[in-house]
Amino acid sequence: MASGVTVDDNVLTIFNDMKVRKANVNEEEKSKRKKAVLFCLSDDKKHIIMEEGSEILQGDEGDPYLKFVKKLPPNDCRYALYDATYETKETKKEDLVFIFWAPENAPLKSKMIYASSKDAIKKKFTGIKHEWQVNGLEDIKDRKTLAEKLGGASVVTLEGKPLND
């Protein structure tokens, strides 16, 4: 069911910037790349926009995954892009993950409009390999759950941290 919600052009620009990995960027440029971004509905509920103050950059201090989880609102839905860096037993990888955050205690109306608008944003995000619907902190707070989505038992680290901690 389509909701009639449109995706803001800025959202597509952010996605394309995150998707295109420039191999020969210097450390300063790399540190300014977006690691994670949250998207929300505009106040009039007609557009999907980037949520102000919701981005995490590659160069930010601390664990990017934990920072990302802390930015998720406990009582409302969001869409998110997370640029996961992980290692399997064979190789290092980076993949974008599209996350649909719909916590149990979000208002029913919010869950309905976000669910019915999900296709609008997903259609714009071409080439996403991983999609994850999360319904509460229990599902997302442990990085092992994301690792399972990315490659199951073959994933040994996520964001440089071993999974067997």
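Labelled according to an unreviewed UniProt entry, the protein chain appears under the name Cofilin-1, originating from Carassius auratus. Looking at the protein chain in UniProt, the text filed under Sequence similarities (unreviewed entry) is "Belongs to the actin-binding proteins ADF family."

Caption draft 1: Molecular detail of the overall build of the protein chain. The helix and strand inventory of the protein chain stands at six helices and nine strands. For 165 residues, the compact-globule estimate of 2.2 N^0.38 gives 15 Å, and the protein chain sits close to it at 16 Å. Dimensions of the protein chain, computed from the C-alpha atoms along their principal axes, are close to 45 × 35 × 25 Å. Counting all 165 residues of the protein chain, 41% fall into the buried class. Within the protein chain, residue pairs in contact and separated by at least 24 positions form 63% of the contacts whose partners lie at least 6 positions apart. Between the averaged position of the 29 positive side-chain charges in the protein chain and that of its 29 negative side-chain charges there is a distance of 3 Å.

What counts as what
Residues numbered from 1 in each chain as written. Predicted model: local features only at pLDDT ≥ 70, side-chain atom pairs only at ≥ 80, totals over all residues. Heavy atoms only, no water. UniProt positions renumbered as here; feature names shortened; annotations may be inferred. Helix = DSSP H or I, 4+ residues; strand = E, 2+ residues; numbered from the N terminus. Rg over C-alpha atoms; globule rule 2.2 N^0.38 Å. Buried < 20%, exposed > 50% of the residue type's maximum accessible area, 1.4 Å probe, protein only. Contact = heavy atoms within 4.5 Å. Lys, Arg positive; Asp, Glu negative; His and termini not counted. Charge placed at Lys NZ, Arg CZ, Asp CG, Glu CD.

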